[in-house]
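Now for the letters of each chain:
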2 protein chains.
Amino acid sequence: MTKPGIPKGTRDFSPAEMAKRNYIFGVIRSVFENYGFRQIETPSMENLSTLMGKYGEEGDKLLFKILNSGDWAHDLQDEELLGRNSIRLTNRISEKGLRYDLTVPFARYVVQHRDEVTFPFKRYQIQPVWRADRPQKGRYREFFQCDADVVGSDSLLYEAEMIEMIDQAFRKFGFPVTIKVNNRKILAGIAELIDAAEKIVEITVAIDKLDKIGMEGVTKELAERGLSDGQIEKLKPVILLQGNNQEKIASLRETLKGITIAEKGLDEMEFVMKCVGESDIENKVEIDLTLARGLNYYTGTILEVKADNVEMGSISGGGRYDNLTGIFGMEGVSGVGFSFGADRIYDVLTMLNLFPEEAQRGTKLIFLAFDQKGIEYSLPMVRKARRAGIATEIYPEPAKMKKQMTYANNNNIPFVAIVGDNEMAEGKVMLKNMVSGEQTLMTIEEIIDKIL
Amino acid sequence: MTKPGIPKGTRDFSPAEMAKRNYIFGVIRSVFENYGFRQIETPSMENLSTLMGKYGEEGDKLLFKILNSGDWAHDLQDEELLGRNSIRLTNRISEKGLRYDLTVPFARYVVQHRDEVTFPFKRYQIQPVWRADRPQKGRYREFFQCDADVVGSDSLLYEAEMIEMIDQAFRKFGFPVTIKVNNRKILAGIAELIDAAEKIVEITVAIDKLDKIGMEGVTKELAERGLSDGQIEKLKPVILLQGNNQEKIASLRETLKGITIAEKGLDEMEFVMKCVGESDIENKVEIDLTLARGLNYYTGTILEVKADNVEMGSISGGGRYDNLTGIFGMEGVSGVGFSFGADRIYDVLTMLNLFPEEAQRGTKLIFLAFDQKGIEYSLPMVRKARRAGIATEIYPEPAKMKKQMTYANNNNIPFVAIVGDNEMAEGKVMLKNMVSGEQTLMTIEEIIDKIL
């Protein structure tokens, strides 16, 4: 018998994994709600007209497309068929695709429901997305995104709130992170400073290597990328930017003086830093000009989170955008959004062994009996424990002790109630604590008290 | 500007709808876990080899199929293309489909992971499924199923547990239901009694009309369906079956005496009824021989739930099956499963206005300030409230009172903290209870105490 399988890049989640995943989603959800975000869900499939062209040419290819129902081949022309142009034929036989992220469906949602939505609209969304990417370690074809966005306001309070929210979430997860902050307007100002707007990505990539290759290396790399000596000279204070956040802002104010867009970006950053500074956040917040995620998308603040002391890429990120819904014809909707990377958080919690005990248990109590009489004796107690809110099972047959204990062990059940003749004679059961090994003869009321 | 839309038969869920749906899923989940069921999740897409042929010919057509990635048209032959046989071509250009239910993926899961799973395996699963059905009122192309199954045991305790679980769930939802119980083996015995195994569905359909068309009508209908007078005469005690559950069982024992399969079915039913009778369940449990759901699938107990006093089809159902995993080559895995119909429960709760207040609120408290000073005054209080676990917002700009109050109203926020000059002078805020209209000058500590 050959085992059936699942499509590559997809995953089954076992009960043990689900408990941990639910813990992560629960923390994220509770933080989102604590900050006033409201949940929405959108359909797994969107019209291809909604999805196509929103993620670049490469993205179009990575969309999972759904074949039209019914006799889809019937109306195709001979030439179309024999042309074997997969892209063109796809347009003819598929009208729907699986969502690729939560951002485009959210933009579609806002435009479609704009008459029902009150702005600013704080929404969160935790749903799977699908990408026909080449599967590899840590990259899946189906994975969950956990996004929070506020749209319809350009208030910088929301940027500060995002940072506080990130801090809250990782404090709950129990490992320290560094929250890196950049601002697209400052990067634009830097590009303006050296008159090289189109080189902004290359510049940030080169600067990012300062620690590794030193100023000399960076200079060399920038020259290779076509920057003149004069341009590199002007960039020097930016490349060598150091100190705490205040000092960095002060230095940039000096370097970028008179460049309107940069000054606006520095004002924004200063305001956000001030708000955050007055809060009770515990994780480090660090200005990092090399942070260049989503540069074609973000227009103001850019955020990224890295776990401290762990070899792992960014585990969450987000930023401010100015035109979420323009793609659907509704202009001028500014917003700021943030996405928690649940899979990577899962990996970090696993590496650091930080999942709480609670996230690793299902059933709390199981009754083991060895004859029909024992089972009947147990059932009213099983019900009592359940009514008291304790997740309870009874092994359904009078099987051998070893078999029943294996069941309890494999399912990681912490309390086992053993029902033998002696226990029944006393009107009690023998409660075994599976962690400590301790055994005590108890009534069901005592057990309920103990477990609660 | 034309509004973008979503594929027909799919839905967006707004924050208000999500809160209610989460309430329903939360109740179901808590009941499942209380009874020791463990959650799994399976991928949205399965290999078509897993799905095809499992739901009949019609089911195969209703599967959403995913177009292969890449240059899928490249290798197709001229004849294949020009044949325009949509079914045959689909096999060549699609390898994956969206899951149609949670049962087949669960069977696939059990077989694939049989070395990791401890039997009996109590699993629950709450995930969307997709069917390319013609959309109509109450029928969607994407909808959630909420299934609990125990596999790897034929203990009838699990049937009793399912009924108790159903009772628990609907007690939590707060409306009375009738839990109807049948047993496939009894139906098989009835068919054997009149030597008409192939007519079992017609018989149940005809009997079901007794209330409407009377014994005469039923007799006529059965005759039309090819039953002889002798057969109908033999059926009479079954058709006219009355009384409480005990009386029904007694009457059937008489009628079906000596028919082994029926006696087995009656033993099963009697055991389940005895267990349930000793429990504390509050909803009615009723033997109903006309219950004929899933007759090609269920082999023992059949369950169905109807809301009392509400015009609505069955809102949940399930039963015992003997060969879940045989389709994947693993024989002899018996199980019993149950599925809550979340969409219909949603409709009943809406009709009866039974959603708890808690399921209809997000943010608990919002601060409204009218200048920058007011906002800065509020921020530390916003943080305090959040740290205390209260979902809190601040309106991000010093907008007009009316606009801010509209925001609070539209978002159904029960407490509004108004921050004007007088309030600031006193070191307090004016807390308005949006339900009662009451206003009180309070400190943030007092507000936190009040709301918690």
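Counting restarts for each chain, with residues numbered from 1 along the sequence as it is written. Chain letters start at A and ligand numbers start at 1, both assigned in the order the entries are written. Per-residue local features are limited, in this predicted model, to residues with pLDDT of at least 70; the limit for side-chain atom pairs, both in listing and counting, is 80 or more; totals at the level of whole chains, interfaces and linings are taken over all residues. To obtain the side-chain values, all non-hydrogen atoms of the structure were included, while hydrogens and water were left out.

1. Observations regarding the overall build of chain A
Under the convention used in this document: A run of DSSP states H or I qualifies as a helix once it reaches four residues; a run of E qualifies as a strand once it reaches two. Both are numbered from the N-terminal end. Here the globule rule reads 2.2 Å times residues to the power 0.38, and the radius of gyration is calculated from C-alpha atoms. Relative accessibility decides the category of a residue: with a 1.4 Å probe and only protein chains considered, values under 20% of the type maximum give buried, values over 50% give exposed, and everything between is partly exposed. We call two residues in contact when some of their heavy atoms are within 4.5 Å. Surface exposure here means Shrake-Rupley accessible area, sampled with a 1.4 Å probe, where a residue is shielded only by the protein chains that are shown. Here the positive residues are Lys and Arg and the negative ones are Asp and Glu; neither His nor the chain ends is included. By convention, the point assigned to a charge is CZ for Arg, NZ for Lys, CD for Glu and CG for Asp.
The helix and strand inventory of chain A stands at 18 helices and 16 strands. Taking 2.2 N^0.38 as the reference for a compact globule, 452 residues should give roughly 22 Å; the C-alpha atoms of chain A span a radius of gyration of 29 Å, well beyond that estimate. Dimensions of chain A, computed from C-alpha atoms along their principal axes, come out at roughly 95 × 70 × 45 Å. In chain A, which comprises 452 residues, the proportion classed as buried is 59%. Looking at chain A alone, contacts between residues at least 24 apart form 68% of all its contacts between residues at least 6 apart. For chain A, the accessible surface area stands at approximately 19000 Å², while carbon and sulfur atoms represent 48% of it. Taking the 59 positively charged and 68 negatively charged side chains of chain A as two groups, their mean positions are separated by 4 Å.

2. Thoughts on helix α10 (residues 210–224) of chain B
Going by this rule: One less than the number of residues in a helix, times 1.5 Å, gives the span that helix is expected to have. The term bend refers to the angle at a residue between two fitted axes, each drawn through seven residues, those ending there and those starting there.
In this model, α10 of chain B (15 residues) spans only 16 Å end to end at C-alpha, well below the 21 Å of a helix rising 1.5 Å per residue. At Glu216 of chain B, α10 of chain B shows its maximal kink, close to 75°.

3. Remarks on the interface of chain B and chain A
The cut-off we apply is this: The buried area of a pairing is the accessible area, by a 1.4 Å probe, that goes missing from both parts when the two are put together, added over both. Only one rule defines a salt bridge in this text: a Lys or Arg side-chain nitrogen within 4 Å of an Asp or Glu carboxyl oxygen. Between N or O atoms, a polar contact is any pair within 3.5 Å; within protein, one atom must be a potential hydrogen donor and the other a potential acceptor, and residues adjacent in sequence are included only when both atoms are from side chains. We call Asp, Glu, Lys and Arg charged. Ala, Val, Leu, Ile, Met, Phe, Trp, Tyr, Cys and Pro are nonpolar, and the rest, Gly among them, are polar.
Taken residue by residue, the interface counts 107 residues in chain B and 107 residues in chain A. Carbon and sulfur atoms make up 52% of the surface buried where chain B meets chain A, a total of about 9100 Å² over both sides. Inspection of the region where chain B meets chain A yields 18 salt bridges. At the junction of chain B and chain A, the tally comes to 60 residue pairs in polar contact (both at pLDDT 80 or more). If one sorts the elements of the side of chain B that touches chain A by residue count, helix α15 (residues 372–387) of chain B sits on top with seven residues. A breakdown of the residues in the side of chain B that touches chain A according to their chemical character gives 45 nonpolar, 31 polar and 31 charged.

4. Examining helix α16 (residues 401–410) of chain A
Selection criterion: It is the directions from the helix axis to the C-beta atoms whose arc is reported.
If you check which residues of α16 of chain A are buried, you get Gln404, Met405, Tyr407 and Ala408 of chain A. For α16 of chain A, the arc enclosing every buried residue in end-on projection is 155°, short of the 170-degree limit, so these residues lie on one face. The secondary structure elements touched by the buried residues of α16 of chain A are β12 (365–369), β13 (392–394), β14 (415–419) and β15 (429–433) of chain A together with β1 (38–39) and β5 (121–130) of chain B. Phi turns positive, to about 60°, at Asn412 of chain A, one or two residues after α16 of chain A.

5. Considerations on the sheet that holds β1 of chain B
Backbone hydrogen bonds hold the strands of a sheet together, and the pairing may be parallel or antiparallel. Residue and element names in this part refer to chain B. In plain terms, the rule: Paired strands, in this sense, are two strands between which DSSP finds at least two bridges. The axes used here are C-alpha line fits, helices contributing only the stretch in contact, and every angle between their N-to-C directions lies in the interval 0 to 180 degrees.
The eight strands lie next to each other as β1-β5-β6-β11-β10-β9-β7-β8, forming an open sheet whose pairing is mixed. Because the sheet does not close on itself, it has two edges, and the strands there are β1 and β8 (284–287). Sheet topology places strand β6 (residues 142–151) next to strand β11 (residues 335–340); six bridges connect them, and they run antiparallel. The residue of β11 that forms the bridge with Asp147 is Ser339. Those strands touched by helix α1 (residues 15–34) are β1, β5, β6 and β11, and its axis lies near 5° from that of β6.

6. Focus: the confidence of the model for chain A
Rule in force here: Scored between 0 and 100, pLDDT is the confidence that the predictor attaches to each residue.
In this model, chain A carries an average pLDDT of 94, and 100% of its residues clear a pLDDT of 70 or more. On the interface metric, ipTM, the complex scores 0.94, and its pTM is 0.95.

7. Let's talk about the nonpolar core
Operational definition: Nonpolar core, defined: a set of buried Ala, Val, Leu, Ile, Met, Phe, Trp, Tyr and Cys residues in which side-chain atoms within 4.5 Å join the residues together.
Counting residues in hydrophobic clusters, the biggest one holds 127 residues, and the most contacted among them are Ile24, Phe170 and Phe173 of chain A together with Leu365 and Phe367 of chain B. With ten residues, helix α7 (residues 157–173) of chain A is the single largest residue contributor to this core. Aside from chain neighbours lying at most four places away, what touches Phe170 of chain A is Phe175, Val177, Asn283, Val305, Ile315, Ser316, Phe340 and Ile345 of chain A.

8. Details of unusual backbone geometry
Residue and element names in this part refer to chain A. In this structure, the amide linkage connecting Phe119 to the following residue, Pro120, adopts the cis form with an omega of -5°. Inspection of the secondary structure puts Pro120 in the loop between α6 (103–112) and β5 (121–130). The backbone of Arg84 sits at a positive phi, close to 50°, despite the residue not being glycine. The topology assignment puts Arg84 in the loop between α4 (78–83) and α5 (86–93).

9. Regarding the side chain of Asn245 of chain A
Inspection of the secondary structure assignment puts Asn245 of chain A in helix α12 (residues 245–255). Every residue in contact with Asn245 of chain A, bar those within four places of it in the chain, is listed here: Met273, Val285, Glu286 and Ile287 of chain A.

10. As for the sheet that holds strand β15 (residues 429–433) of chain B
Residue and element names in this part refer to chain B. An order of β13-β12-β14-β15-β16 is seen for the five strands of this open sheet, with the pairing classed as mixed. This sheet does not close on itself; its edge strands, each paired only once, are β13 (392–394) and β16 (439–442). In this sheet, neighbouring strand axes are inclined to one another by 25° on average, regardless of whether the strands run parallel or antiparallel. Two elements, strand β12 (residues 365–369) and β13, share three bridges in a ladder whose sense is parallel. For Ile366, the partnering residue across the bridge sits in β13 and is Glu393.

11. Examining the environment of Lys264 of chain B
All names here are of chain B. Mapped onto the elements of the fold, Lys264 is located in helix α13 (residues 260–278). Of the residues examined, Lys264 reaches a relative accessible area of 46% and is grouped as partly exposed. Distance from Lys264 to Asn183, taken between C-alpha atoms, is 9.8 Å for residues 81 residues apart in sequence.

12. Quick word on the relation of the copies chain B and chain A
This is how it is decided: Least squares is the method for superposing the copies, and the C-alpha atoms it fits come from residues with pLDDT of at least 70 in both.
Once chain B is rotated about the relating axis by 180° and shifted along it by 0.0 Å, it coincides with chain A to within an RMSD of 0.1 Å. Overall, the copies show the geometry of a two-fold rotation axis. Judged by C-alpha distance, Ile66 of chain B is the residue of chain B that lies nearest the rotation axis, at 2.3 Å. Counting the interface residues of chain B, we find that 100% of their copies in chain A are interface residues as well, pointing to one common contact surface.

13. Here's the deal with the pairing of strand β4 (residues 94–98) of chain A
Residue and element names in this part refer to chain A. Across the five residues that make up β4, a large majority, four, are buried. Bridging between strand β2 (residues 45–47) and β4 involves three bridges; their strand directions are antiparallel. Bridge assignment links Glu46 to a residue of β4, and that residue is Gly97. One ladder, built from three bridges, connects strand β3 (residues 65–67) with β4; its direction is antiparallel. For Lys65, the partnering residue across the bridge sits in β4 and is Gly97.

14. Focus on the packing of aromatic side chains
The relative placement of two aromatic rings is captured by the distance of their centres and the angle of their planes. Our working rule: Paired rings are identified among Phe, Tyr and Trp, the last through its six-membered ring, by centres lying within 6.5 Å, and are further divided according to the angle between planes into stacked (under 30 degrees), edge-to-face (over 60) and tilted (the rest). Look at NZ for Lys and CZ for Arg. If either is within 6 Å of the ring centre and within 35 degrees of the ring normal, a charge sits over the ring.
Here the structure, examined in full by the defined rule, presents 34 aromatic pairs over all chains. With a centroid separation of 6.0 Å and 70° between ring planes, the pair formed by Tyr23 of chain A and Phe355 of chain A is classed as edge-to-face. On the criterion of sequence distance, the pair formed by Tyr23 of chain A in helix α1 (residues 15–34) and Phe355 of chain A in the loop between α14 (342–351) and β12 is long-range, its members being 332 residues apart. Overall, Tyr23 of chain A belongs to the buried group, its relative accessible area being 18%. Taking the centre distance of 5.8 Å and the plane angle of 45° together, the rings of Phe170 of chain A and Phe340 of chain A count as tilted. Of the two residues, Phe170 of chain A sits in helix α7 while Phe340 of chain A sits in strand β11 (residues 335–340), which places them 170 residues apart along the sequence. Classification of Phe170 of chain A as buried rests on a relative accessible area of 0%. By the ring-pair criterion, three or more aromatic residues cluster together here, those being Tyr23, Phe32, Phe37, Tyr124, Phe170, Phe173, Phe175, Phe338, Phe340, Tyr346 and Phe355 of chain A. A cation over an aromatic ring shows up here: Arg11 of chain B above the ring of Tyr140 of chain B, its NZ or CZ 3.4 Å from the ring centre. The aromatic ring of Phe37 of chain B is capped on one face by Lys122 of chain B, whose charged end is 4.9 Å from the ring centroid.

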